[in-house]
Amino acid sequence: MPAFPVPGSRRRIRSAHVMAAGCAVAICTALAAPVAADGGTTTTTTTTTTTTKPTIVLVHGAFADASSWNGVVERLERRGYTVIAPANPLRGLYTDSTYIASVLDSIKGPIVLAGHSYGGAVISTAAAANPRVKSLVYVSALMPDVGESGMSLGAKFPSELGTATKSVPYRAGGVSGTDLYLKPDRIHPVFAADLPENTARVMAVTQRPAATTAFSEKAKVAAWKHIPSWFLVAKQDKTINPDQERFEAKRAGSHTVEINSSHVAMISHPDAVTALLLQAATATDPARPALAATGTTRGARAETALTGIAASTLLAGTGAVLLGRRLRRSRS
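Notes on the structure in this doc start here.

Procedures and definitions
- Residues numbered from 1 in each chain as written.
- Predicted model: local features only at pLDDT ≥ 70, side-chain atom pairs only at ≥ 80, totals over all residues.
- Heavy atoms only, no water.
- Core = buried A, V, L, I, M, F, W, Y, C linked by side-chain atoms within 4.5 Å.
- Buried < 20%, exposed > 50% of the residue type's maximum accessible area, 1.4 Å probe, protein only.
- Helix = DSSP H or I, 4+ residues; strand = E, 2+ residues; numbered from the N terminus.
- Contact = heavy atoms within 4.5 Å.
- Salt bridge = Lys/Arg side-chain N within 4 Å of Asp/Glu carboxyl O.
- Pairing = 2+ DSSP bridges.
- Right-handed = clockwise from strand over helix to strand, strands pointing away.

**Section: the nonpolar core**
Right, so step 1: One finds Leu58, Leu113, Tyr118, Leu136 and Leu277 to be the most contacted residues of the largest nonpolar core, which totals 72 residues.
Right, so step 2: Tallying contributions element by element places helix α11 (residues 270–282) first for this core, with six residues.
Right, so step 3: With sequence-adjacent residues up to four places away left out, leucine 277 is seen in contact with Ile56, Leu58, Val72, Leu76, Val112, Ala114 and Val137.

So this is what it looks like as structure tokens:
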């Protein structure tokens, strides 16, 4: 005669079935959770995204001052950006980049850092250890790699700058050196050919010289290797060879535009320069080169996932054992 469960055993069997089913669901959930690119699991949440406009810092180059950015500053401020155009000391790459780095340290929030001409070499060093610099923008600029200088790059890509400068000794605070000035009659054809001649004459009078160390000191770091960059090539540049600008931009993987401009594109073409800065400022999650994965994060997340699966498997096994025991007892 077949054995029937004693009273109440059906409820126990149903409970055991529920336990086993719950454990099975836990296993399926753990195994089916999509794995994110960083090794974690993807979760869906409802969040409110707040966009903070970056502060845009504009660094001028040799023979100029911060007023060379005036047209760009006006356009950026009309679009609601906070803009800073600090005075580049023009005393040497190491001194100047240290100073600009200190300016960056005073700014809260994300930063877009732009450099014109020699200012490009300065920002490449100044931004190296600052995680808040989200983008670098080069305007007809120097963009040296580690071990390169303005002079070494210029030797590979000659321009008319070498015939347009004059050397003047200086003394300051017990320090002496040599300053480079642009010859007044060479500023218009070499430096600012697409500006009116009377504007070039004023620039000759008000120019700020650069110490020779600005061009001779070799870069020790190159922030563009780790920070996304944008580059404006001035196709009519006689101060920095346009081929040098193209070479630098290609090497860095920069987002590049070319315009028919002299060396001072931010003065003669402020709309084009502003547009490039806005691209850098509004880029969503720009293609920043990824930092090397330490393995700790991925390892920990993988271990957590495996631990969860193991725990679910253990629970399922326990449920199955309990179910088997209760069935045997009910039949005995």
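**Details of unusual backbone geometry**
Phi is mostly negative for residues that are not glycine, and the peptide bonds are mostly trans.
Right, so step 1: Positive phi, normally seen in glycine, also occurs at leucine 90, with a value near 60°.
Right, so step 2: Its identity as a non-glycine residue notwithstanding, serine 140 has a phi of 35°, on the positive side.
Right, so step 3: One can find serine 140 in the loop between β4 (133–139) and α5 (150–156).

**Considering the pattern of salt bridges**
Opposite charge on two side chains allows them to pair when their charged atoms are near.
Right, so step 1: Per the stated rule, a full pass over the model turns up seven salt bridges.
Right, so step 2: The closest approach of N and O atoms between aspartate 179 and arginine 91, which form a salt bridge, is 2.8 Å. With a gap of 88 residues between them, aspartate 179 in strand β6 (residues 175–182) and arginine 91 in the loop between β2 (83–84) and α3 (93–105) connect regions that are remote in the sequence.
Right, so step 3: For arginine 91, a relative accessible area of 29% gives the class partly exposed.
Right, so step 4: Salt-bridge contacts for aspartate 145 lead to lysine 225; the nearest nitrogen and oxygen are separated by 2.9 Å. Here lysine 225 lies in the loop between α8 (213–216) and β8 (229–234) and aspartate 145 lies in the loop between β4 and α5, a separation of 80 residues in the sequence.
Right, so step 5: Judged by its relative accessible area of 16%, aspartate 145 falls in the buried class.
Right, so step 6: The network of salt bridges with common partners includes Asp243, Arg246 and Glu258.

**Topic: the pairing of strand β3 (residues 111–116)**
Right, so step 1: Most of β3 sits out of view: six of its six residues are buried.
Right, so step 2: A two-sided burial pattern is seen for β3, the buried positions comprising Ile111, Leu113 and Gly115 on one face and Val112, Ala114 and His116 on the other.
Right, so step 3: As judged from the five bridges shared by strand β1 (residues 55–59) and β3, these two strands associate in the parallel manner. What sits directly across from threonine 55, in β3, is isoleucine 111.
Right, so step 4: By the bridge criterion, six bridges tie β3 to β4 in an arrangement that is parallel. Note on β4: the bridge partner recorded for leucine 113 is leucine 136.
Right, so step 5: Once the chain exits β3 it traverses helix α4 (residues 118–126) before rejoining the sheet at β4, and the crossover so formed is right-handed.

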